[in-house]
Amino acid sequence: MSAKQSPPSAEFRRAERAAKFILSKTKLRPKIALVLGSGLGAFADDFQRAVKIPYAKIPHFPRSTAIGHAGQLVLGTVDGVAVAGMQGRVHLYEGYSPQEVIFPVRVFARMGIRAVILTNAAGGVNTGYAQGALVAIKDHVNLQGVNPLLGPNDERFGPRFPDVTHAYDPEFRRFAAAEAQRLNITLDEGVYLALSGPNYETPAEIRAFRTLGADLVGMSTVPEVLAARHCGIRVLGISCVTNMAAGILDQPINHIEVLETGERVRGQFTSLLRALIPKIVETVK
Ligand code: HPA
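A short tour of the structure in this document, coming up. Since this is a predicted model, take the numbers as computed values, not measurements. (Residues numbered from 1 in each chain as written. Predicted model: local features only at pLDDT ≥ 70, side-chain atom pairs only at ≥ 80, totals over all residues. Heavy atoms only, no water.)

### Describing the nonpolar core
Alright, step 1. Leu73, Val107, Phe108 and Met111 are the most contacted members of the largest nonpolar core, which totals 48 residues.
Alright, step 2. The element best represented in this core is helix H2 (residues 98–111), accounting for 7 residues.
Alright, step 3. Beyond its immediate stretch of four places on either side in the chain, valine 107 contacts Ala15, Ala18, Ala19, Ile22 and Phe61.
Alright, step 4. One finds Ala180, Ile185, Leu273 and Leu276 within the second-largest nonpolar core, a separate group that totals 33 residues. (Core = buried A, V, L, I, M, F, W, Y, C linked by side-chain atoms within 4.5 Å. Buried < 20%, exposed > 50% of the residue type's maximum accessible area, 1.4 Å probe, protein only. Helix = DSSP H or I, 4+ residues; strand = E, 2+ residues; numbered from the N terminus. Contact = heavy atoms within 4.5 Å.)

Structure, rendered in structure tokens:
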């Protein structure tokens, strides 16, 4: 019996159930989802025709506990385009398993979503970045110590050995560069190195990560990217450099600063996302 004929895994059935529940709350059928990271969730407050679903109400959905994360899924429209927006994600450092962290992405796949914009707050490892800079992620280094695709593979989600050569969609990155230029927003490109957290890094770690090719460091995004690519969802990742990474400036890093910087660049972030949504949807429909 081939894998396709075997019964769906429990995880697949859970994702299917959650997707059905979400779609039963609205007539909208979004092709794009946004995951809004620390301090960036406000974008979904401006959706039209908005239906807000707390994570706690969605079958099998993990609940977000991080400060600065509202913990709800908002379905609505942006300039007439249907979108799903996650106000807050869950992280490994909260104690969630990698499978729980990627569950929302698998639900997106079952909802028919074809593209996802993942946003996050990150530390700037590249000393050429300024605090508050927006950076399109071009690739990543996974040092989280876990992989969300470990374990039996359900081919209904995707292949056993997914290719991640172009994990961060080159076409989406070209759109991002073009729209940023049009809007007069500086958008660099960089490599994101992911750790589990929850502590910020030591200066020695940051120096080591720079030699490994990292431009950004953070505690999220990579599991979701791997899950999205596994199930064929195209990805754009954008980081906000909320602080320079440890040891670059002679000052400690704190979460309040991270949230405040996210808040400060909210206008730019919002305009960029708004410009990108119709372009991306046009390409994946
Ligand atoms: N390190 C890790 N994660 C982060 C940082 C950082 O400096 N800033 C925001 N998220």
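### With respect to the site of the ligand
Alright, step 1. Contacts to the ligand come from Ala121, Ala122, Gly123, Tyr200, Glu201, Val217, Gly218, Met219, Thr242, Asn243 and Val258.
Alright, step 2. One of the backbone N or O atoms of alanine 121 is found 3.3 Å from a nitrogen atom in the ligand.
Alright, step 3. Contact between the ligand and glutamate 201: a nitrogen atom at 2.8 Å from a side-chain N or O atom of the residue.
Alright, step 4. When isolated, the ligand has an accessible area of 260 Å², and the protein chains bury 95% of it.
Alright, step 5. Of all the secondary structure elements, the ones that give two or more residues to the shell around the ligand are strand S5 (115–124), strand S8 (216–218) and strand S9 (234–244).
Alright, step 6. The leading source of residues in the shell around the ligand is S5, at 3 residues. (Near = heavy atom within 4 Å. Polar contact = N/O pair within 3.5 Å; in protein donor to acceptor, adjacent residues only side chain to side chain. Areas by Shrake-Rupley, 256 points an atom, 1.4 Å probe, with all protein chains shown as cover.)

### Some thoughts on the packing of H2 against helix H5 (residues 222–230)
What describes two packed helices is the angle between their axes and the distance between those same axes.
Alright, step 1. Where H2 meets H5, the closest approach of the two axes is 9 Å, and the angle between their N-to-C directions is 40 degrees. Between H2 and H5 lies a crossing whose hand is right-handed. Each of Val101, Ile102, Val105 and Arg106 in H2 lies in contact with H5, whose residues at this interface are Pro223, Glu224, Ala227, Ala228 and His230.
Alright, step 2. Across the contact of H2 with H5, the residue classes tally to 6 nonpolar, 1 polar and 2 charged. (Axes fitted to C-alpha atoms, helices over the stretch in contact; angles between N-to-C directions. Left-handed = near helix turned anticlockwise from the far one by under 90°. Nonpolar A, V, L, I, M, F, W, Y, C, P; charged D, E, K, R; others polar.)

### With respect to the pattern of salt bridges
Alright, step 1. Counting across every chain of the model gives 12 salt bridges.
Alright, step 2. Between aspartate 79 and arginine 274 there is a salt bridge; the shortest N-O distance is 2.7 Å. Here the residue aspartate 79 occupies a position in the loop between strand S3 (72–78) and strand S4 (81–87), and arginine 274 occupies one in helix H7 (residues 266–284), the gap between them amounting to 195 residues.
Alright, step 3. The class for aspartate 79 is partly exposed, based on a relative accessible area of 49%. (Salt bridge = Lys/Arg side-chain N within 4 Å of Asp/Glu carboxyl O.)

### Focus on the pairing of strand S6 (residues 134–142)
Alright, step 1. By the bridge criterion, 8 bridges tie S6 to strand S7 (residues 187–194) in an arrangement that is parallel. Bridge pairing in S7 places valine 141 opposite leucine 193.
Alright, step 2. By the bridge criterion, 3 bridges tie S6 to S9 in an arrangement that is antiparallel. Along S9, the bridge assignment pairs alanine 136 with isoleucine 238. (Pairing = 2+ DSSP bridges.)

### Examining the packing of aromatic side chains
Alright, step 1. Scanning all chains against the criterion turns up 5 aromatic pairs.
Alright, step 2. In this structure an aromatic cluster arises from ring pairing among Tyr55, Phe61 and Phe103.
Alright, step 3. The side chain of arginine 106 reaches across the aromatic face of phenylalanine 157, ending 4.2 Å from its centre.
Alright, step 4. Taking NZ or CZ as reference, arginine 156 lies 5.9 Å from the ring centre of phenylalanine 12, over its face. (Phe/Tyr/Trp six-rings, centres within 6.5 Å; stacked < 30°, edge-to-face > 60°. Lys NZ or Arg CZ within 6 Å of the ring centre and 35° of its normal.)

### Some remarks on the environment of leucine 195
Alright, step 1. Structurally, leucine 195 can be placed in the loop between S7 and helix H4 (203–211).
Alright, step 2. Through-space distance from the C-alpha of leucine 195 to that of leucine 143 is 5.2 Å; in sequence the pair is 52 residues apart.
Alright, step 3. Setting aside its immediate chain neighbours within four residues, leucine 195 contacts Leu143, Gln144, Glu201, Phe209, Val217, Gly218 and Met219.

### Overview of helix H6 (residues 255–264)
Alright, step 1. Along H6, the positions that sit buried rather than exposed are Glu257, Val258, Leu259, Thr261 and Gly262.
Alright, step 2. The secondary structure elements touched by the buried residues of H6 are S5, S9 and H7.
Alright, step 3. Sitting at the amino-terminal end of H6 is asparagine 254, which places a side-chain oxygen 3.0 Å from the backbone nitrogen of isoleucine 256.

### Regarding the side chain of glutamate 11
Alright, step 1. Mapped onto the secondary structure, glutamate 11 falls in helix H1 (residues 10–23).
Alright, step 2. With sequence-adjacent residues up to four places away left out, glutamate 11 is seen in contact with Gln99, Phe103, Arg106 and Phe157.

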